[in-house]
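Architecture and fold: a report
The residues making up each chain are set out below.
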Amino acid sequence: MLDRELKKGSAELLILSLVETRARHGYEISKMIEARSGGMLKFNVASLYPLLYRLEKRGWIIGHWIEKPGQKRRRCYKLTKEGKQMLKAQRTTWQSFVAAINQITGLENA
Amino acid sequence: MPDWKSEIRQLLAKLKLEPTREASIIEELAEHLEEFYEESLSQGATPATAWQQTLAELSGSELLGRELRRIERRHDSAPIIFATNRRRNSMANLWQDLRYGARTLWKTPGFTATALLTLALCIGANLTIFAIVDAVLLRPLPFPEADRLVTIFNTYPKAGVKRDGSSFTNYYERRSNIAAFSELAICREGTAVIGETGATQRAATMQVSPEFFATLGLGPVIGRTFTEEELTYQTDGVAILTDAYWRQHFNADANVIGQAIRVDGGQKKVIGILPPNFQYLSSDAQLYLPLSSNPTNRVPGQRHSGNSISMIARLKPGVTVTEAQAQIDAQNAALADSYPQAKMIAEAGFRSVVAGLRTDHVAAIRPTLLLLQAGVLLLLLIGSVNLVNLLLIRASGRTKELAIRQSLGASRRHVVSQVLAESVLLTFVGGLFGLAIAAGGIRLLTVLGADQLPLGAQIAFDGRLALIALAGAFGLGIIIALPIAAFNLRRQLANALQSESRSGTTNRAAQRLRHSFIVAQLALAFVLLSGAGLLSLSLKRVLAVAPGFRAEHVLSGQLSLPWKNYATQAARIGFVERLTEEVGQQPGVTAAGVITNIPLSRRSGKSAITPKGYVPQPGESVRGHYLYGVTGDYFAALGIPLRAGRLLDNTDLRRTERVCVVDEDFARRYWPQGRAIGQQLFLSPKQEAEAEASTIVGVIGAVKQAALTEDQALGAVYHPYNNHFDDKLFVVVRTTTLPESLGATLQTIVRKIDPELPVNDLRTMDARIADSLLARRSSALLIALFAGVALLLTAIGTYGVLSYAVAQRQREIGIRLALGALPSQIGRQFLTLGLRLLALGIVLGVVGAGLAGWVMQAILFNVPALHFVTLIGAVGIISVVALVACLIPARRATKVDPMIALRYE
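**A look at the overall build of chain B**
Counting its secondary structure elements, chain B contains 28 helices and 23 strands. Computed over C-alpha atoms, the radius of gyration of chain B comes to 39 Å, more than 25% over the 29 Å expected from 2.2 N^0.38 for 905 residues, which places it beyond the range of a compact globule. In terms of its C-alpha atoms, chain B occupies a principal-axis envelope of roughly 140 × 70 × 60 Å. The proportion of buried residues among the 905 residues of chain B is 41%. Taking contacts inside chain B between residues at least 6 apart in sequence as the whole, the part at least 24 apart equals 83%.

**A short note on the interface of chain B and chain A**
Taken together, the contacts link 17 residues of chain B with 14 residues of chain A. Of all the secondary structure elements, the ones that give two or more residues to the side of chain B that touches chain A are helix 2 (19-42) and helix 4 (61-73) of chain B. Of the residues contributing to the side of chain B that touches chain A, the split by class is seven nonpolar, four polar and six charged.

**As for the confidence of the model for chain A**
Caution applies to low-pLDDT regions: their predicted coordinates should not be interpreted in detail. Across chain A, the average pLDDT comes to 82, with 88% of residues at 70 or higher. Per-element mean pLDDT across chain A ranges from 73 in helix 1 (residues 4-18) of chain A up to 92 in strand 1 (residues 24-25) of chain A.

**Section: the environment of Val545(B)**
Residues and elements named next belong to chain B. Position of Val 545 relative to the elements: it lies in the loop between helix 18 (508-543) and strand 12 (554-560). In this structure the C-alpha to C-alpha distance between Val 545 and Lys 704, which are 159 residues apart in sequence, comes to 9.1 Å. With residues up to four places along the chain from it excluded, the contact list for Val 545 reads Lys 704 and Leu 708.

**Here's the deal with the packing of helix 18 of chain B against helix 27 (residues 868-894) of chain B**
Residue and element names in this part refer to chain B. Where helix 18 contacts helix 27, the two axes come as close as 9 Å, and the packing angle between them is 135 degrees. Between helix 18 and helix 27, the crossing angle belongs to the class labelled oblique. Our pair here, helix 18 against helix 27, has a crossing hand that is right-handed. Contact with helix 18, carried on its side by Leu 522, Ala 525, Phe 526, Leu 529, Ser 530, Gly 533, Leu 534 and Leu 537, involves Thr 870, Leu 871, Gly 873, Ala 874, Ile 877, Ile 878 and Ala 882 of helix 27 and no other residues of that element.

**With respect to the nonpolar core**
Grouped together as the largest cluster of nonpolar side chains are 231 residues, with contacts concentrated most on Leu522(B), Leu528(B), Val731(B) and Val733(B). When residues of this core are assigned to their parent elements, the largest contribution, 18 residues, is made by helix 18 of chain B. Setting aside its immediate chain neighbours within four residues, Leu528(B) contacts Gly375(B), Leu378(B), Leu379(B), Ile783(B), Phe786(B), Ala787(B) and Ala790(B). The next biggest cluster of nonpolar side chains, apart from the first, holds 32 residues, and it includes Ile61(A), Ile8(B), Tyr37(B) and Leu68(B).

**Section: helix 16 (residues 463-490) of chain B**
Counting along an α-helix, one turn takes 3.6 residues, and residues three or four places apart therefore face a common direction. Compared with an ideal rise of 1.5 Å per residue, which puts 28 residues at 40 Å, helix 16 of chain B spans 40 Å between its outermost C-alpha atoms and is within 8% of the ideal. All of the buried residues in helix 16 of chain B are Leu465(B), Ala469(B), Ala473(B), Leu476(B), Gly477(B), Ile480(B), Ala481(B), Ile484(B), Ala485(B), Phe487(B) and Asn488(B).

**Digging into the environment of Leu791(B)**
Residue and element names in this part refer to chain B. Looking at the element boundaries, Leu 791 is found in helix 24 (residues 774-808). Considering only alpha carbons, one finds Leu 791 and Ala 882, 91 residues apart in sequence, at a separation of 8.7 Å. Once residues lying within four places of it in the same chain are set aside, the contact partners of Leu 791 are Ala 525, Leu 529 and Val 881.

**Considering the pairing of strand 2 (residues 161-164) of chain B**
All names here are of chain B. Summarising the sheet, strand 1 (residues 149-156) and strand 2 pair through two bridges and their orientation is antiparallel. Within strand 2, the residue paired with Tyr 156 across the bridge is Val 161. Between the end of strand 1 and the start of strand 2, which pair antiparallel, lie four residues, with Gly 160 showing a positive phi angle near 80 degrees.

**As for the pairing of strand 3 (residues 181-194) of chain B**
Residue and element names in this part refer to chain B. Along strand 3, 10 of the 14 residues are buried, which leaves the element largely enclosed by surrounding structure. Bridge count for strand 3 against strand 10 (residues 310-315) is six bridges, and the pairing is antiparallel. Along strand 10, the bridge assignment pairs Glu 183 with Arg 314. In this sheet, strand 4 (residues 201-208) lies alongside strand 3 in antiparallel orientation, the contact comprising eight bridges. Bridge pairing in strand 4 places Val 193 opposite Arg 202. In sequence, strand 3 turns back onto strand 4 through a hairpin of six residues, with Gly 195 there showing a positive phi of about 100 degrees.

**Section: the packing of helix 18 of chain B against helix 24 of chain B**
Think of two packed helices as two axes; the pair is described by the angle between the axes and how far apart they sit. All names here are of chain B. Their axes nearest at 8 Å, the elements helix 18 and helix 24 cross at an angle of 155 degrees. Here helix 18 lies roughly antiparallel to helix 24, going by the angle between them. Every pair of crossing elements has a handedness; the one defined by helix 18 and helix 24 is left-handed. Residues belonging to the contact of helix 18 with helix 24 are distributed by class as follows: 18 nonpolar, eight polar and three charged.

**What to know about unusual backbone geometry**
Residues and elements named next belong to chain B. Phi at Ser 176 is positive, roughly 65 degrees, even though this residue is not glycine. Within the secondary structure, Ser 176 is located in the loop between helix 7 (168-174) and strand 3. Non-glycine residue Asn 277 carries a positive phi angle of around 65 degrees. Examined against the element boundaries, Asn 277 turns out to sit in the loop between strand 8 (266-273) and strand 9 (287-290). For Asn 277, a count of 9 C-beta atoms within 10 Å puts it in the exposed group.

**Focus on the confidence of the model for chain B**
All names here are of chain B. In the predicted model, chain B carries a mean pLDDT of 86, and the fraction of residues at 70 or more is 94%. When mean pLDDT is compared element by element in chain B, strand 10 scores highest at 96, while helix 17 (residues 493-498) scores lowest at 48. Ignoring residues within four places in sequence, the model shows residues 492-496, a span with pLDDT below 50, making seven contacts including any to other chains. With pLDDT under 50 throughout, residues 499-505 is counted as low confidence; its partners more than four residues away or in other chains account for 16 contacts.

**So, the sheet that holds strand 1 of chain A**
Residues and elements named next belong to chain A. Here three strands make up an open sheet; going across it, the order is 1-3-2 and the pairing antiparallel. Of all strands in the sheet, those with a lone pairing partner are strand 1 and strand 2 (61-66), marking the two edges. The pairing of strand 1 with strand 3 (residues 74-79) spans two bridges and is antiparallel. Each bridged residue has a counterpart across the sheet, and for His 25 the counterpart in strand 3 is Cys 76.

What counts, and at which threshold
Residues numbered from 1 in each chain as written. Chains lettered and ligands numbered in written order. Predicted model: local features only at pLDDT ≥ 70, side-chain atom pairs only at ≥ 80, totals over all residues. Helix = DSSP H or I, 4+ residues; strand = E, 2+ residues; numbered from the N terminus. Rg over C-alpha atoms; globule rule 2.2 N^0.38 Å. Buried ≥ 20, exposed ≤ 12 C-beta atoms within 10 Å, placed from the backbone. Contact = placed C-beta atoms within 7 Å. Nonpolar A, V, L, I, M, F, W, Y, C, P; charged D, E, K, R; others polar. pLDDT = per-residue confidence, 0-100. Axes fitted to C-alpha atoms, helices over the stretch in contact; angles between N-to-C directions. Parallel < 35°, antiparallel > 145°, perpendicular 65-115°, else oblique. Left-handed = near helix turned anticlockwise from the far one by under 90°. Core = buried A, V, L, I, M, F, W, Y, C linked by C-beta atoms within 7 Å. Expected span 1.5 Å × (residues − 1). Pairing = 2+ DSSP bridges.

Shown next as structure tokens:
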């Protein structure tokens, strides 16, 4: 498990990225994070939903209750226009940050 | 299947979320847990294990609760995001600042209530007084280009006559002959008996010359004004009605022109109606009549016969008062020699003064009003200083918060605008409350008699006042914000993060600023206190002045005898004789008399009277003296003591030889050795006709004629009524019962003698004295009230600052107590601080009080600028108040528990 602070800092970026292409519900998001990180990152109910609600309050994502025939009613989140800009900005920052870390730690030359 | 919803509901219960939002969250989270549970089961977990694993999803639910509380709360409180401000427009910024200000104020109800109460009181008091100052001193008179209106009056300072009316001769000589004036007119206030026999009443009238309305720039809206022909006694049977009179008596009938009304027993033809709300200065005239005269009144020899006539004029555009004054002076000089006693007039220091009409009308009350306004401004200053101090304390407490914000990117501009928004919000709401207080205050002042001031009828609570109030509140908000904003900005970021926290020592500059504000408050409150002391002392000294008569148990009322029915001396004497006899026979009446002018009546014309054979010393002027006609037991009725000789009585009315009594001031002036009895007086300095001379038969006590504060002993001469006639009379009655109870009887007796005559202005002499001191009493009362509020504010301020100092240094106190300091030492330290501030405040206050006393000399009576006993009293009062305000926090300092203080934070 990654350091808690780092996780908190990057969690927003993760969620924004996951709902970029299509709307997803909370359980799906948590599963995807766990799967894609190979089990390194895990969010439970108590840590995920506050994040979702916070991003929604900021107007970066928007949640809608969706009912499909034969399926359960779910609340799905998708990226807003403002969220898209924010994601773009955060990605750039993150990449620069990673590049900087890499430069310092010498991974580039390894 | 486990009930996930109830688990979650329990978790969220404490948060008290909005119901639909809560339901949505519960459903969403339950859905998540449900799916998780099912997945666990599908992966082979037993229901019990799956349940355990699912519950683990809720681990850290206190985080969930905390986060949700934070996020969901933000729904009604938008985040203050400084870094993004530049992108927002300024209106949104303002709105956000105001909302933030409102929220922070709402969160500190104690502070906000104190601040609003302070502001409401101070602004309310200021508005109340300003309403009067505005109506009386500032607002232009209700006439077009009123700043061009002037008045011209005659003065004979060396004869003791500071102000005399203009004469008919002045009018006829000046009109059309003074280039500076486009119009010139004369007028005279009076009363007339109007209405039908038996139901007559006295109405205020104004006699005016034809140009009067043109001079004011406002004339009749129906009909016409007076003509030149209507200015003589034989042809002056016309009247112009005010709008109010027209509506009341003629039901606003436009056909009233040409109709006759009964005035003083004769008929007058209505020729015009004035516009609504037409009012000349403070006159409450209902009828305007021609100011008629005979050609004999207009000759050079009558130039200095004042006749209570006022002269007004309109300056030509661009002409100044100084230019007009020069022209009047030049004309007076050119005409001087045509007056028979030119030398005497010159020796009396004669001059005609041109002065702005409004300025002149309100000149007497001006210093009092300015003093009151200064008093309330001081109060506002104290209140504002108090508020600044309280805000500074708050700002100190919020230094860290501010520093963090600054480090997060809040601009300096934003820091300032936030402070501004908060303080303007505060003063604005305070201003609204202040308006409410002012509305009540103006009503209260009207009860206290403010509407009797010159132009007092104009005092009103109106839109203009409200606008000024709100603009003032806005300005005050900005002024108050300045020191706070400066304080916030000056604090360096790094510095701020280290100091002014509860754990550190307090910032010296901030402390010094707070303390100097307390000193200022104490000094200002001291000035108000000592001012109130001086005014009450002055009032006490005025009240201690012996008026020269015994005011208790005396009723007085005014009458006037219309010329039409009382043209002969026999008729006049017949009336006053019968009146004094019949009133004198009433049960409870010990004496009744009649006089042409009662003391303190505000009419105080003087005449040049000289003893036979008296030759003024070189450079000495002939003096003006009060001259009265009396009958009945006037002196006994008013309680004026006889010093030598005898009093006048009704038998003197029919005596062929002329007699008079003089007062002791007059006697002492001309016969210091005391041989006044038997001497002869001339009513004119000419001393021509021997038969005109009257012999002094008695000397009586001196009476304060114009005011209790009258300092010049002018001297008075009393003739029997037949020798000094005036159509205006005062009847004076001394009773053994309540004087007020005699009013109706007096009216009945007068009506019995002449059904046409009403009695008005019925007042006891005590009431006349009280009314004459209205301005003094009200201003002393108001300044005392202001001083009281100032003391209260200062106490709150001192208490607030010292309490804060104690709270701030709690840790320090704890350490010192832990190290063995005695609680009494700690308490003494704070008390000493308070005393030091008090001492400084008093020193500055004494200086301020001296200055204030010096400025107040114009309205003080026999009171020096610095009065020792008053100062000591003020020191005593302010010390007690300040000490009480210091003792509470000092005691609190001694009660600090070292353990708790050290553990704090």
